[in-house]
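In case you want the letters, here they are:
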Amino acid sequence: MKVAVVYWSGTGNTAAMADAVAEGAKGAGADVNECMCMDFDQGSVASYDALIFGCPAMGSEVLEEDDFGPMFEAILPKLAGKKVALFGSYGWGGGEWMTNWEAQCKGKGVSLAADSVICENAPDGDALDKCKALGAKLAG
């Protein structure tokens, strides 16, 4: 199983979550590529059995708009039929950006293979455990 963990992080919170997701997937025996969204494009999607995306809430509860948002919008049509999951952190609001992100996926015919993982601010031990479980689930 080949798994991509693709993320954007501004403060390090989502990067810590990405590390835990990758650790969980590796622990389940997957070949894992963990990378920032700037290093991932449409041509990369076909190389992976599962793709796990991470992005924090930005501005008024939206995905990061300069790098992650455009990358995700571009690859979204290629994700149908793939194992896909989402994770991210937020510092205000109640996590509405994740509900909107999930709806964006479903609207394009992308079924999520696991419940999304979110945490407020820096991930604590419970959030990191959930991230590891997310990686392991998609690697299985």
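The following refers to the structure shown.

So, how was this worked out
Residues numbered from 1 in each chain as written. Predicted model: local features only at pLDDT ≥ 70, side-chain atom pairs only at ≥ 80, totals over all residues. Heavy atoms only, no water. Pairing = 2+ DSSP bridges. Helix = DSSP H or I, 4+ residues; strand = E, 2+ residues; numbered from the N terminus. Axes fitted to C-alpha atoms, helices over the stretch in contact; angles between N-to-C directions. Contact = heavy atoms within 4.5 Å. Core = buried A, V, L, I, M, F, W, Y, C linked by side-chain atoms within 4.5 Å. Buried < 20%, exposed > 50% of the residue type's maximum accessible area, 1.4 Å probe, protein only. Parallel < 35°, antiparallel > 145°, perpendicular 65-115°, else oblique. Left-handed = near helix turned anticlockwise from the far one by under 90°. Nonpolar A, V, L, I, M, F, W, Y, C, P; charged D, E, K, R; others polar. Phe/Tyr/Trp six-rings, centres within 6.5 Å; stacked < 30°, edge-to-face > 60°. Lys NZ or Arg CZ within 6 Å of the ring centre and 35° of its normal.

Structural notes on the sheet that holds strand E5 (residues 117-120)
Taken in spatial order, the five strands make up an open sheet running E2-E1-E3-E4-E5, and their pairing is parallel. Here the strands that pair on one side only, and so sit at the sheet edges, are strand E2 (31-36) and E5. Averaged over neighbouring strand pairs, the angle between their axes works out to 10° when direction is ignored. Relative to E2, strand E1 (residues 2-7) runs parallel, the two being bridged by six bridges. Paired with Val-3 across the two strands is Val-32, which belongs to E2. Strands in contact with helix H4 (residues 96-107) are strand E3 (50-54), strand E4 (83-90) and E5; relative to E4, the strand with the most contacts, it is inclined by about 160°.

Overview of the nonpolar core
Formed by 27 residues in total, the largest nonpolar core has its most connected members in Phe-40, Phe-53, Phe-68, Met-71, Phe-72, Leu-79 and Trp-101. Not counting residues up to four positions away in its chain, the partners in contact with Met-71 are Val-6, Cys-37, Phe-40 and Phe-53. Grouped together as the second largest cluster of nonpolar side chains are 24 residues, Ala-15, Ala-85, Cys-131 and Leu-138 included.

Comments concerning the packing of helix H3 (residues 68-75) against H4
Where H3 contacts H4, the two axes come as close as 11 Å, and the packing angle between them is 25°. Comparing their axes, H4 and H3 come out roughly parallel. With respect to the hand of their crossing, H3 and H4 are arranged in right-handed fashion. On H4, the residues touching Phe-68, Phe-72 and Glu-73 of H3 are Trp-101, Gln-104 and Cys-105. By residue class, the composition of the contact of H3 with H4 is four nonpolar, one polar and one charged.

Considerations on the environment of Phe-72
As for its placement among the helices and strands, Phe-72 is situated in helix H3. Separated by 23 residues in sequence, Phe-72 and Asp-49 have C-alpha atoms that sit 17 Å apart. Excluding residues that lie within four positions of it along the chain, Phe-72 makes contacts with Phe-53, Leu-79, Trp-101, Gln-104 and Cys-105.

Re the environment of Glu-23
Within the element layout of this structure, Glu-23 appears in helix H1 (residues 13-27). A C-alpha to C-alpha distance of 10 Å links Glu-23 and Asp-129, two positions 106 residues apart in sequence.

Observations concerning the packing of aromatic side chains
Throughout the structure, instances matching the rule amount to seven aromatic pairs. Consider the rings of Phe-53 and Phe-72, whose centres lie 5.1 Å apart with planes at 80°: the pair is edge-to-face. Residue Phe-53 is found in strand E3, and its partner Phe-72 is found in helix H3; the two are separated by 19 residues along the sequence. A residue is classified by how much of its surface remains accessible, and Phe-72, at 0% relative accessible area, is buried. The interplanar angle of 10° and the centroid separation of 5.9 Å between the aromatic rings of Phe-68 and Phe-72 together place this pair among those described as stacked. A residue pair is termed a helical-turn pair when its members lie 3 or 4 positions apart in one helix, as Phe-68 and Phe-72 do in helix H3 at four residues. Over the face of the ring belonging to Tyr-48 we find Lys-2, whose NZ or CZ atom lies 5.2 Å from the ring centre.

Fair warning: the whole summary comes from geometry, so function is off the table for now.
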